[in-house]
Amino acid sequence: MEPFERIVTDHGPVVLRVCRAVLGPDDAEDAWAETFLAAMRAYPDLPPGANVQAWLVTIAHRKAIDMLRANRRRALPVGDVPERPAETGRPDAWDGDLWNALRALPERQRAAVAYHYLAGLPYREIAAITGGTPDAARRAAADGIRKLRGTYPARPADQTGADR
Amino acid sequence: MTTTSGTPEERLLASLPAHDPAALDRLRARLAERAERSGLLDVAYRTVDTPVGSLLLAATERGLVRVAFAVQDHEAVLADLAERVSPRILAAPARLDAAGRQLDEYFAGRRTRFDLPLDLALAKGFRREVLAQLPRIAYGSTESYARVAAAAGSPRAVRAVGTACATNPLPLVIPCHRVVRSDGSAGGYAGGAAAKHHLLALEAAA
């Protein structure tokens, strides 16, 4: 069995990206820490040959659901939340426009987009994590991407590849 | 920087950074601290730079469990710890603060003995008995493999003493470098012959 440090090195960046896409800048780091702490607790019992990335995303999904629920319990009506400015001050920063677009998606679509397009999980694995069928997971991801395209149009530089 | 590589969906999500080293450093420190507080950090490790190269230091909750030279391959040593002690291993320097400080003092010639809790989980049987003999060899002096064998109660086990020294999980701290051949030559060392000479010269000069 590999040292857990290796698991953190190999999968920490992707899990952070997934947590950010699902939960946004305020809660992503808490979810990451909760995920890896729970994973470290369970790690010695992980069966040999298990898909470590899918296992971590499964744990992160449960943590994200807990946090979204907790947020809803103390939630303000959505209309009262001010538009969040980009924290880095750059117009292309993810925690500005992209997160605003992701946040507007239904949770199921946001999860399907993150788990498929960021973590690279097949729809069969995503269905096992989120419930429902692989086809439903595929539709959720496709619907999510379509909506993102509408609300978060790619910038000219994204199409030409020009550096900024 | 944006890029045209990847699928349209990947480009759409490209502003989410794939690598964010500053955030991950912060998160790893937080994980190490929480794992320690939750009693989940079975093995903490760090590396320190010394005159005999980079040393890996690893400790359980009981004490220092492993010191390893770069020539022993730190990745392989961590894999061995995962196998023989626990896979719940993190780079977590706080638990090794005292060990790192005492090694600094030792290499500066300001420390002649280590005062650290030790975990001898990686040494079994006769090898462990041999290691228990070594701290009595004073700083700056040496003893032959044959004498250590006699002191351990098995005068004919000279070769086994050599093996116990070669597999010492805590070199430097348990001073196997002070065990030399009967003809006065240094003999082998897990950290390499040059490292052994360096340590013997350091202690002779102090």
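For the structure itself, consult the block above.
Residues numbered from 1 in each chain as written. Chains lettered and ligands numbered in written order. Predicted model: local features only at pLDDT ≥ 70, side-chain atom pairs only at ≥ 80, totals over all residues. Heavy atoms only, no water.

**Examining the overall build of chain B**
Reasoning step 1: For chain B, the helix and strand inventory stands at 8 helices and 6 strands.
Reasoning step 2: Across chain B, helices and strands are ordered from the amino to the carboxyl terminus as α-α-β-β-β-α-β-α-α-β-α-α-β-α.
Reasoning step 3: Against the globule reference of 17 Å for 206 residues, chain B gives a C-alpha radius of gyration of 21 Å, more extended than a compact globule.
Reasoning step 4: C-alpha extents for chain B along the principal axes are approximately 75 × 35 × 30 Å.
Reasoning step 5: Of all 206 residues assigned to chain B, the portion counted as buried reaches 47%.
Reasoning step 6: For chain B, the computed accessible surface area is about 9800 Å², with 50% contributed by carbon and sulfur atoms.
Reasoning step 7: Of note, chain B has its 26 positive side-chain charges centred 7 Å away from the centre of its 22 negative side-chain charges. (Helix = DSSP H or I, 4+ residues; strand = E, 2+ residues; numbered from the N terminus. Rg over C-alpha atoms; globule rule 2.2 N^0.38 Å. Buried < 20%, exposed > 50% of the residue type's maximum accessible area, 1.4 Å probe, protein only. Areas by Shrake-Rupley, 256 points an atom, 1.4 Å probe, with all protein chains shown as cover. Lys, Arg positive; Asp, Glu negative; His and termini not counted. Charge placed at Lys NZ, Arg CZ, Asp CG, Glu CD.)

**Some remarks on the interface of chain B and chain A**
Where interface size is given, it is often the accessible area lost as the parts come together that is meant.
Reasoning step 1: Across the contact, 40 residues belong to chain B and 44 residues belong to chain A.
Reasoning step 2: With both chains or domains summed, chain B and chain A bury close to 3800 Å², and 62% of this area falls on carbon and sulfur atoms.
Reasoning step 3: For the pair chain B and chain A, the interface holds 6 salt bridges.
Reasoning step 4: Between Arg-26 of chain B and Glu-29 of chain A there is a salt bridge, with its nearest N and O atoms 2.5 Å apart.
Reasoning step 5: For the pair chain B and chain A, the number of links is 15 residue pairs in polar contact (both at pLDDT 80 or more). (Contact = heavy atoms within 4.5 Å. Buried area = accessible area lost by both parts, 1.4 Å probe. Salt bridge = Lys/Arg side-chain N within 4 Å of Asp/Glu carboxyl O. Polar contact = N/O pair within 3.5 Å; in protein donor to acceptor, adjacent residues only side chain to side chain.)

**Observations concerning the sheet that holds strand E4 (residues 89–91) of chain B**
Reasoning step 1: Pairing in this open sheet of 4 strands is mixed, and the strands run E3-E2-E1-E4 (chain B) from one edge to the other. Either end of the sheet is taken by a strand with one partner, and the two such strands are strand E3 (64–69) and E4 of chain B. Geometrically, the sheet is characterised by an average inter-axis angle of 25 degrees between neighbouring strands, direction not taken into account.
Reasoning step 2: The sheet contact formed by strand E1 (residues 43–50) of chain B and E4 of chain B spans 3 bridges and is parallel. For Val-43 of chain B, the partnering residue across the bridge sits in E4 of chain B and is Ile-89 of chain B.
Reasoning step 3: Relative to the sheet, helix H1 (residues 4–23) of chain A contacts E1 and E4 of chain B, its axis offset from that of E4 of chain B by approximately 60 degrees. (Pairing = 2+ DSSP bridges. Axes fitted to C-alpha atoms, helices over the stretch in contact; angles between N-to-C directions.)

**So, helix H3 (residues 52–73) of chain A**
Residues and elements named next belong to chain A.
Reasoning step 1: In a regular helix each residue adds 1.5 Å, so 22 residues correspond to 32 Å; H3 covers 32 Å between its end C-alpha atoms and thus fits that length.
Reasoning step 2: Every buried residue belonging to H3 is among Val-52, Gln-53, Ala-54, Trp-55, Leu-56, Val-57, Ile-59, Ala-60, His-61, Ala-64, Met-67 and Leu-68, and all of these are buried.
Reasoning step 3: Summarising the contacts, the buried residues of H3 are in contact with H1, helix H2 (28–42), helix H5 (107–118) and helix H6 (123–130).
Reasoning step 4: With a side-chain oxygen lying 3.1 Å from the backbone nitrogen of Gln-53, the N-terminal cap of H3 falls on Asn-51. (Expected span 1.5 Å × (residues − 1).)

Such coordinate-based values are descriptive only and should not be taken to indicate function.
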